[in-house]
Amino acid sequence: MNGAVGGRDADPGRNGAAQRPAGRRGPFVIGPGEVGRRLAAALEAAGTGPRLVRRDAGWEAALDPLDPAPRIVAVREEDLGEAWARFDAPLHGRLVLVQNGFLEGRIGAPGELAEASRGLIWFTAKGGFFRELMPSLFFGRAAGALAAALARGGLAARLVPDAVEFRRELVLKGVWNALVGLPLAVHGVDLATYRSAFAAELAELADESCRAASAEYGVAVDADEALARFAATTGELGWVRGGTRALPFRNGAIARFGRRHGVPTPVTDRLLRAAGCAPEAA
Ligand SMILES: NC(=O)c1ccc[n+]([C@@H]2O[C@H](COP(=O)([O-])OP(=O)(O)OC[C@H]3O[C@@H](n4cnc5c(N)ncnc54)[C@H](OP(=O)(O)O)[C@@H]3O)[C@@H](O)[C@H]2O)c1
């Protein structure tokens with residue numbers, strides 16, 4: 001069953017036997033970095049016996065078509081295409097992608113991405129800093145048991161069963177990322193300063209991002225909702241400085257959606273140019 005997450009019986013270490021990764025049967029965590037290791041820790045606490053897959057170790061088992069465990073893919077957006085390409089089509093339904101950005105149209109062949117389950121990670125993990133901002137949200141056939149296991153292991157997580165509701169959440173998270181990354185990097189300010197000194201730009205950026213992403217995903221998310229979510233989840237992130245990573249999956253995607261649907265994205269375009277990224281090429 002695709003949703004199988006393993007269980008306490010699957011972890012020989014609990015009975016005093018040697019803790020051998022080979023004896024484990026729990027979910028694979030591909031890319032145990034900031035996000036991956038937090039997910040793995042919760043799965044460990046839930047007794048599922050997660051299996052870590054690094055660039056140079058663990059791939060053979062993760063690619064075994066007979067192994068029914070979910071594969072949580074926690075690599076960065078830039079590395080996702082390569083990781084995705086390693087899996088044959090029958091395994092796509094066992095993947096759970098937890099990247100931040102808008103992945104549609106950039107990963108796999110057209111239509112393939114829909115096979116995978118998705119996660120929207122609503123915690124921030126950077127070095128020693130870890131804050132849960134709200135429950136992380138999961139969608140898809142491999143996601144239900146996984147969200148339940150993460151919650152058992154102490155991480156706030158829940159399944160979003162409805163596809164449209166999840167697309168709305170995907171837009172809310174994508175817009176959130178468009179607000180906390182590129183603009184701060186361009187202006188050279190932290191999030192607290194951006195919120196107070198660039199309030200008008202923030203509102204315009206949220207508005208055009210919501211319009212463009214809503215048009216792309218066929219949902220209605222307005223700036224008031226996005227800014228309310230932003231306010232509710234960034235209280236402890238005033239120190240964040242932003243960055244220009246993964247722009248084609250974030251603000252670059254917003255510019256692309258805008259062009260495709262006739263939604264002007266002047267603030268996004270200006271910020272992208274300031275960061276040395278031509279919006280037309282994003
Ligand atoms: N950190 C956060 O607070 C946060 C919050 C929400 C969402 N996210 C999203 O989560 C994703 C991961 O972010 P992160 O902060 O966890 O990044 P990260 O700390 O760089 O972790 C990514 C990990 O993936 C590994 N990796 C890359 N390619 C791989 C491959 N082919 N096989 C196995 N492992 C591979 C990397 O290994 P190397 O070290 O060798 O490169 C690294 O350990 C991003 O899409 C990000 O947007 C992050």
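Peer 1: Give a detailed account of the overall build of the protein chain, specifying residues and quantitative values.
Peer 2: When you go through the protein chain residue by residue, the secondary structure sums to 12 helices and nine strands. The C-alpha atoms of the protein chain give 19 Å as radius of gyration, which agrees with the globular expectation for 282 residues (19 Å, within 12%). Dimensions of the protein chain along its principal axes, counting C-alpha atoms only, are 60 × 40 × 35 Å. Contacts in the protein chain between residues far apart in sequence, at least 24 positions, make up 61% of those at least 6 positions apart.

Peer 1: Got a sec to walk through the site of the ligand? Specific residues and values, please.
Peer 2: Lining the immediate environment of the ligand, one finds 24 residues, of which Gly31, Gly33, Glu34, Val35 and Asn100 sit closest. Elements that contribute at least two residues to the shell around the ligand include exactly helix H1 (34-45), helix H3 (77-85) and strand E6 (123-126). Considering each element in turn, the shell around the ligand owes the most residues, four residues, to H3.

Peer 1: Account for the environment of His261, with residues named and values stated.
Peer 2: Relative to the helices and strands, His261 is located in helix H11 (residues 251-261). Residue class for His261 comes out partly exposed when judged on the 13 C-beta atoms lying within 10 Å of it.

Peer 1: Break down the nonpolar core for me, with residues and values.
Peer 2: General note: in soluble globular proteins, nonpolar side chains tend to be found buried as a group. One finds Ile30, Val73, Val96 and Val175 to be the most contacted residues of the largest nonpolar core, which totals 75 residues. Ranked by residues supplied to this core, first place goes to helix H6 (residues 163-180) with nine residues. With residues up to four places along the chain from it excluded, the contact list for Val96 reads Pro70, Arg71, Ile72, Val73, Ala116, Ser117, Arg118, Gly119, Ala142, Ala143 and Leu146.

Peer 1: Which residues make up the domain arrangement of the protein chain, and what values go with them?
Peer 2: By the assigned domains, the protein chain splits into domain 1 (8-161) and domain 2 (166-281). When each unit is reduced to the centre of its C-alpha atoms, the spacing between domain 1 and domain 2 is 26 Å. With 17 residues of domain 1 at the contact, the number on the domain 2 side is 14 residues. Counting only elements with at least two residues in the side of domain 1 that touches domain 2, the list comes to H3 and strand E8 (136-139). A per-class count over the side of domain 1 that touches domain 2 returns nine nonpolar, three polar and five charged.

Peer 1: Give a detailed account of the pairing of strand E7 (residues 129-132), specifying residues and quantitative values.
Peer 2: As judged from the four bridges shared by E6 and E7, these two strands associate in the antiparallel manner. If you follow Lys126 over to E7, its bridge partner there is Phe129. What sits between the antiparallel neighbours E6 and E7 is a turn of two residues, in which Gly127 has the positive phi angle 60 degrees.

Criteria and thresholds
Residues numbered from 1 in each chain as written. Predicted model: local features only at pLDDT ≥ 70, side-chain atom pairs only at ≥ 80, totals over all residues. Helix = DSSP H or I, 4+ residues; strand = E, 2+ residues; numbered from the N terminus. Rg over C-alpha atoms; globule rule 2.2 N^0.38 Å. Contact = placed C-beta atoms within 7 Å. Near = placed C-beta within 6 Å. Buried ≥ 20, exposed ≤ 12 C-beta atoms within 10 Å, placed from the backbone. Core = buried A, V, L, I, M, F, W, Y, C linked by C-beta atoms within 7 Å. Domains from an automatic or database assignment. Nonpolar A, V, L, I, M, F, W, Y, C, P; charged D, E, K, R; others polar. Pairing = 2+ DSSP bridges.

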